[in-house]
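# Structure at a glance
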Amino acid sequence: MPYEAWCGPCDVVSPERWERRADAEDELVAHRRETHGGLRPAGGDGVRRVHAEARGDGYLPAGSFWALLFLLALVLANCWGR
């Protein structure tokens, strides 16, 4: 799973995803140096793992949406069957 760097106070997430954690940490250090004078911001920042599917633009619904839709279809099919 790839890694991404994030910064809470700036409300930003790195535009790229890296396969190695060290590359994401390098991006985080560069952001701290450019934006926060090399210091860690009080609101927090870090590197986290993301699923490969999360690389998209966010337009696809999550799995829980499909499960809820399937359950609703089953309930409606049961109601119409009578």
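Please read these numbers as outputs of a predicted model, since none were measured by experiment.

Across all of its chains, the model carries one aromatic pair by this definition. For the pair Phe 65 and Trp 66, a centre-to-centre distance of 5.4 Å together with 70° between the ring planes defines the contact as edge-to-face. Classification of Trp 66 as partly exposed rests on a relative accessible area of 48%.

Core analysis: the biggest nonpolar cluster contains six residues, these being Tyr 3, Ala 5, Trp 18, Ala 24, Leu 28 and Val 47. Elements that contribute at least two residues to this core include exactly strand S1 (3–7) and helix H1 (21–35). Non-local contacts of Val 47, meaning those with residues more than four positions away in its chain, are made with Tyr 3, Glu 4, Ala 5, Trp 6, Arg 21, Ala 24, Glu 25 and Leu 28.

Here we take up the pairing of S1. The buried fraction of S1 amounts to four of the five residues, a majority that puts the element mostly inside the structure. Bridging between S1 and strand S3 (residues 45–49) involves five bridges; their strand directions are antiparallel. Considered in S3, the bridge of Cys 7 is made with Asp 45. With two bridges joining them, S1 and strand S2 (residues 12–13) adopt antiparallel strand pairing. Looking across to S2, one finds that Cys 7 is bridged to Val 12. Two successive antiparallel strands, S1 and S2, enclose a turn made up of four residues, where Asp 11 displays a positive phi of approximately 55°.

The rules behind these values
Residues numbered from 1 in each chain as written. Predicted model: local features only at pLDDT ≥ 70, side-chain atom pairs only at ≥ 80, totals over all residues. Heavy atoms only, no water. Phe/Tyr/Trp six-rings, centres within 6.5 Å; stacked < 30°, edge-to-face > 60°. Buried < 20%, exposed > 50% of the residue type's maximum accessible area, 1.4 Å probe, protein only. Core = buried A, V, L, I, M, F, W, Y, C linked by side-chain atoms within 4.5 Å. Helix = DSSP H or I, 4+ residues; strand = E, 2+ residues; numbered from the N terminus. Contact = heavy atoms within 4.5 Å. Pairing = 2+ DSSP bridges.

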